[in-house]
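Here is how the chains run, residue by residue.
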Amino acid sequence: MGYEQRRQTLTSLSVTFLGTASAQPSSTRNHSALALRLNSDVWLFDCGEATQHQLQKSTLKMGKIEKIFITHTHGDHIFGLIPLLASCMNGAGGTAEGTEEPRAQVDQNIPPLEIYGPLGARAYVRSGAAYTHTHFGRPYVVHELRFPTDPADQDYTTLTASSAELPTGRNIQMVDGIWPDIYQDGVISVSAAPILHSVPCVGYVVTEAPIPGKINPKDYVPHLKRTNTPVTAMRQLQQGHSITLSDGTVLEGPPRRPGRKVVILGDTYDPSPILPIAQDADLLIHEATNAHLPGIDTNTKDSDTYETVEERAKSRGHSTPQMAGKFGQAIRAKRLILNHFSARYPGDESEQSLRIMGAIGELAAKEFGQEVLCARDLTSVDISLSKE
Ligand SMILES: [Zn+2]
Ligand SMILES: [Zn+2]
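Since the model is a prediction, treat every value here as computed from it, not as a measurement. Residue numbers run consecutively from 1 along every chain, following the written order of its sequence. Naming scheme: in the order in which they are written, chains are lettered from A and ligands are numbered from 1. With the structure being a predicted model, the display of local features is reserved for residues of pLDDT at least 70 and the display and counting of side-chain atom pairs for 80 or more, all residues being used for whole-chain, interface and lining totals.

## As for the environment of A233
For the record, the criterion: Runs of E in the DSSP output that reach at least two residues are strands. Runs of H or I that reach at least four are helices, and both are numbered from the N terminus. With C-beta atoms placed from the backbone, a residue counts as buried when 20 or more other C-beta atoms lie within 10 Å of its own, as exposed when 12 or fewer do, and as partly exposed for counts between those limits. A pair of residues counts as a contact when their C-beta atoms, built from backbone coordinates, are within 7 Å of each other.
Turning to its location among the elements, A233 is positioned in helix α6 (residues 233-238). A233 sits in the partly exposed class, given 18 other C-beta atoms within 10 Å. Distance in space between the C-alpha atoms of A233 and G203 is 42 Å, their sequence separation being 30 residues. Not counting chain neighbours up to four residues away, the residues in contact with A233 comprise L224 and I243.

## Examining the packing of helix α3 (residues 81-88) against helix α4 (residues 121-131)
Stated precisely, the cut-off is as follows: Here an angle of 0 to 180 degrees is reported between the N-to-C directions of two axes, which are lines fitted to C-alpha atoms, with helices fitted over the stretch in contact. An angle below 35 degrees is read as roughly parallel, one above 145 as roughly antiparallel, one from 65 to 115 as roughly perpendicular, and any other as oblique. Should the near helix be turned anticlockwise from the far one by less than a right angle, the crossing is left-handed, and should it be turned clockwise, the crossing is right-handed. Residues are grouped as follows: nonpolar covers Ala, Val, Leu, Ile, Met, Phe, Trp, Tyr, Cys and Pro; charged covers Asp, Glu, Lys and Arg; every other residue, Gly included, is treated as polar.
Taken N-terminus to C-terminus, the directions of α3 and α4 make an angle of 65°; their axes are 10 Å apart at the nearest point. Between α3 and α4, the angle falls in the class roughly perpendicular. Of the two elements, α3 crosses α4, and the hand of that crossing is right-handed. Contact residues: L81, I82 and L85 in α3; V125, G128 and A129 in α4. For the contact of α3 with α4, a count of residues per class yields five nonpolar, one polar and no charged.

## Observations concerning α3
All buried positions along α3 are accounted for by L81, L84, L85, A86 and C88. Just beyond α3, the residue with positive phi is N90, at close to 60°.

## What about the packing of helix α9 (residues 321-330) against helix α10 (residues 351-368)?
Contact geometry of α9 with α10 gives a least axis separation of 7 Å together with a crossing angle of 35°. The two elements α9 and α10 cross, and the hand of that crossing is right-handed. Mapping the contact onto sequence places P321, Q322, A324, G325, K326, G328 and Q329 in α9 and I360, L363, A364, A365, K366, E367 and F368 in α10. When its residues are assigned to classes, the contact of α9 with α10 shows seven nonpolar, four polar and three charged.

None of the figures reported here should be taken as evidence of function without further support.
Encoded structure:
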């Protein structure tokens, strides 16, 4: 391809929740999607119906979408993908095959939009584009995370790829139960692991490479002055390198400190397979579809107990706030945000909604050990570097 990613050090990292509904969207919650913003680049995680409308309501730029990660192929997580691709890749409402289509030129000089997802993601995009006669003006590529029970190679469709779809889409096999470093550019890496749901589902771990430690000039400047070393040597020290001065003194830069780690889960009733790579996350995003809120949620059935609600949530492949809180505790996450709420829990600012969402956050917080935020559509959160 000849295209090499040159990512700048991250000065800012943030998430914007574009959709926080479970199965049924509502006027206050859109289907699942969230954007991770790395400086000005945007990575999408899931792309439910009308995600592009949500993007338009946000400050994110559609043209900045670099990668899209799909957790699973349930419609509420992927139905918005084809229209979004059509919009951000100059998709022309094309003509039937064989007809001259002047807009169908694919500009191969633009870096491809990369899509990652479980088996079916590639076939879904290819079929969606083919049957709607959609021509993309920008190349794209779909990498699939193949489970051991999936076919190890080949596309999952007999449709041939369009000229926009690069043939470099990988079928990534699991190694020791995870998909390690499915993406890496020296500043950021992404690994993935299965999480248990009613269909094959994936959680993603985005990790920033170690960053330079805090430097105290007082520790170095006298040595540099004494040996007439240019002060520009500080730059090397700042990067954690060591330098040898003219008098033989070796100065070691401050040790690098860990970068940020964000764990973004899809739907799950048990994410434990991702545990080994999710430890010490700065931010965990976990679903909490169902909650037991007697006295707060007026629709609570008298016959329900926490146990029956948890049992029902699990049987449908989902979690309660308590389950999310426990997982956050298990991986020693520094922060937990919940998403993917039942249509019973609107995401508006009415007193009743705020009361319910506050109660859901508290249920999770009791297990997590600290405050938990319940995401609303278009909520944005900065992920800052830890102080030490
Ligand atoms: Zn869902
Ligand atoms: Zn699902």
